[in-house]
Amino acid sequence: MTANYTSPISPISPIGPIGVFDSGYGGLTILKEIRRVLPQYSYLYLGDNARTPYGTRSFDVVYRFTLDAVRYLFAQGCPLIILACNTASAKALRSIQQHDLPAIDPSRRVLGVIRPTVEALGRLSSTGHIGILATSGTVNSHSYDLEIEKLYPRFRTFSQACPMWVPLVENKEAEFPGADYFVAKYIDGLLVQDPSIDTILLACTHYPLLYPKIRQYVDEKIRIVTQGDIVAHSLADYLLRHPEMERRLQRGASCRYLTTEDPSKFTDLAQLFLAEPISVGHVSL
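Since this is a predicted model, take the numbers as computed values, not measurements.

1. Quick notes on the environment of L272
- Of note, L272 is situated in helix α13 (residues 263-274).
- Here the alpha-carbon distance between L272 and E170, two residues 102 residues apart in the chain, equals 8.4 Å.

2. Observations concerning the nonpolar core
- By size, the foremost hydrophobic cluster in this structure holds 72 residues, and its most contacted members are L28, W165 and Y257.
- For this core, the leading source of residues is helix α11 (residues 228-241), giving 7 residues.
- When residues no more than four places from it in sequence are discounted, the contact partners of L28 are Y45, Y257, F266, A270, F273 and L274.
- Counting 26 residues, the second-largest nonpolar core is a separate cluster that includes A69, F74, C78 and V283.

3. Quick look at helix α4 (residues 93-104)
- Counted at 1.5 Å a residue, the expected span for α4 with its 12 residues is 16 Å, but the 14 Å between its end C-alpha atoms falls short.
- Contacts from the buried residues of α4 go to α2 (59-75), β4 (80-83), α3 (86-91) and β5 (109-111).

4. Let's talk about the packing of aromatic side chains
- With the rule as written, the count across this model stands at 11 aromatic pairs.
- Sitting over the face of the ring of F65, R51 holds its NZ or CZ atom 3.8 Å from the ring centroid.
- It is K91 that lies over the ring of F59; its NZ or CZ is 5.3 Å from the centre.

5. Some points on unusual backbone geometry
- Between T52 and P53 the backbone carries a cis peptide bond, its omega angle lying at 5°.
- With respect to the secondary-structure elements, P53 resides in the loop between β3 (43-47) and α2.
- One non-glycine residue, H142, lies in the positive phi region at around 60°.
- With respect to the helices, strands and loops of the structure, H142 is situated in the loop between α6 (136-141) and α7 (143-151).
- The residue K172 is not glycine, and still its phi comes out positive at about 60°.
- By the secondary structure assignment, K172 is in the loop between α8 (165-170) and α9 (180-191).
- Residue K172 is classed as partly exposed on the basis of its relative accessible area, which comes to 38%.

6. Let's talk about α2
- The terminal C-alpha atoms of α2, which comprises 17 residues, lie 24 Å apart, in line with the 24 Å expected from a rise of 1.5 Å per residue.
- Every buried residue of α2 is listed here: V61, V62, Y63, F65, T66, L67, A69, V70, Y72, L73 and F74.
- Phi turns positive one or two residues past the end of α2, at G77, with a value near 95°.

7. Considerations on the state of the cysteines
- In the structure shown here, the tally under the stated rule is 0 disulfides.
- C78 carries a free sulfur, and the closest cysteine sulfur to it, the one in C255, is 11 Å from it.
- Cysteine C162 remains unbridged, with the sulfur of C204 as its closest cysteine sulfur at 8.6 Å.
- C162 sits in the buried class, given a relative accessible area of 2%.

8. Here's the deal with the sheet that holds strand β9 (residues 223-225)
- The strand order across the open sheet formed by 4 strands is β7-β6-β8-β9, and the pairing between neighbours is parallel. Looking at the sheet topology across the chains shown, the edges are occupied by β7 (156-161) and β9. Going across the sheet, the axis of each strand differs from the next one's by a mean of 20°, ignoring polarity.
- Both strand β6 (residues 129-134) and strand β8 (residues 199-202) contribute to a ladder of 4 bridges, which runs parallel. Its bridge partner being in β8, L133 is matched across the sheet by L202.

9. Considering the packing of helix α5 (residues 114-124) against α7
- Relative to each other, α5 and α7 sit at 50°, their axes nearing to 10 Å. Our classification of the angle between α5 and α7 gives oblique. When the axes of α5 and α7 are compared, the crossing they make is right-handed. The residues of α7 that touch α5, namely those facing I114, R115, T117, V118, E119 and L121, are S143, Y144, E147, I148 and L151.
- Taken together, the residues of the contact of α5 with α7 sort by class into 6 nonpolar, 2 polar and 3 charged.

The rules we used
Residues numbered from 1 in each chain as written. Predicted model: local features only at pLDDT ≥ 70, side-chain atom pairs only at ≥ 80, totals over all residues. Heavy atoms only, no water. Helix = DSSP H or I, 4+ residues; strand = E, 2+ residues; numbered from the N terminus. Core = buried A, V, L, I, M, F, W, Y, C linked by side-chain atoms within 4.5 Å. Buried < 20%, exposed > 50% of the residue type's maximum accessible area, 1.4 Å probe, protein only. Contact = heavy atoms within 4.5 Å. Expected span 1.5 Å × (residues − 1). Phe/Tyr/Trp six-rings, centres within 6.5 Å; stacked < 30°, edge-to-face > 60°. Lys NZ or Arg CZ within 6 Å of the ring centre and 35° of its normal. Disulfide = S-S within 2.5 Å. Pairing = 2+ DSSP bridges. Axes fitted to C-alpha atoms, helices over the stretch in contact; angles between N-to-C directions. Parallel < 35°, antiparallel > 145°, perpendicular 65-115°, else oblique. Left-handed = near helix turned anticlockwise from the far one by under 90°. Nonpolar A, V, L, I, M, F, W, Y, C, P; charged D, E, K, R; others polar.

Okay, here's the thing in structure tokens:
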């Protein structure tokens, strides 16, 4: 079943759903955890699947695409948007927060996944040697390295791009033996950089679906960190600290899904991330 949400809600609506945006499907792992921790609110998920992947695109293109999505979700009445995408958080969030929000509506907020993730790493690592597994775009942006250096100057970071992992997930190969070669290859490429790594961050929202295989190739003494639970609890804390925003959030435990691509394709792949039937609408940005 599909629906069309081309008629925008009034942008001055005082109460609305939490918007969750990703360039594709991976943000569904973030949304799933947010809904688990904060089930009382309503949500609107938007996947820009027609223009994915973002990771190989320039900062300017990612910024423009992300701003398109932010404007659309604001037009649907969302007072708060989570960029559940590491690439968008790395390449677009700061510009949108500093330059666009003041002109669009300074009372609304756009939050990302990098800052809360880095804050959590400080509590989780004992040696301060952090391994980062991510897309090429996130690795090349150095966003995690810079944020970790800012918050924890004594920490050291080591990154490994994993260009085959997202295709493995989206082609439903994550659980099969064919995935082992690429899982082992990238993990070896990371761990050879520093034997003191004690914490590995899966800095792509697709990667939790590969967690069982990743765990097989990582020493049990090394902690593997996924982002969903971290972002969800960070959002819960944010709302406790900002009751003026919390009061603007629509309640009802509902969730709508939108894609810029074929809704039937989105519905099929979304089952990998959500394990529940959903109805998806199509939009153009």
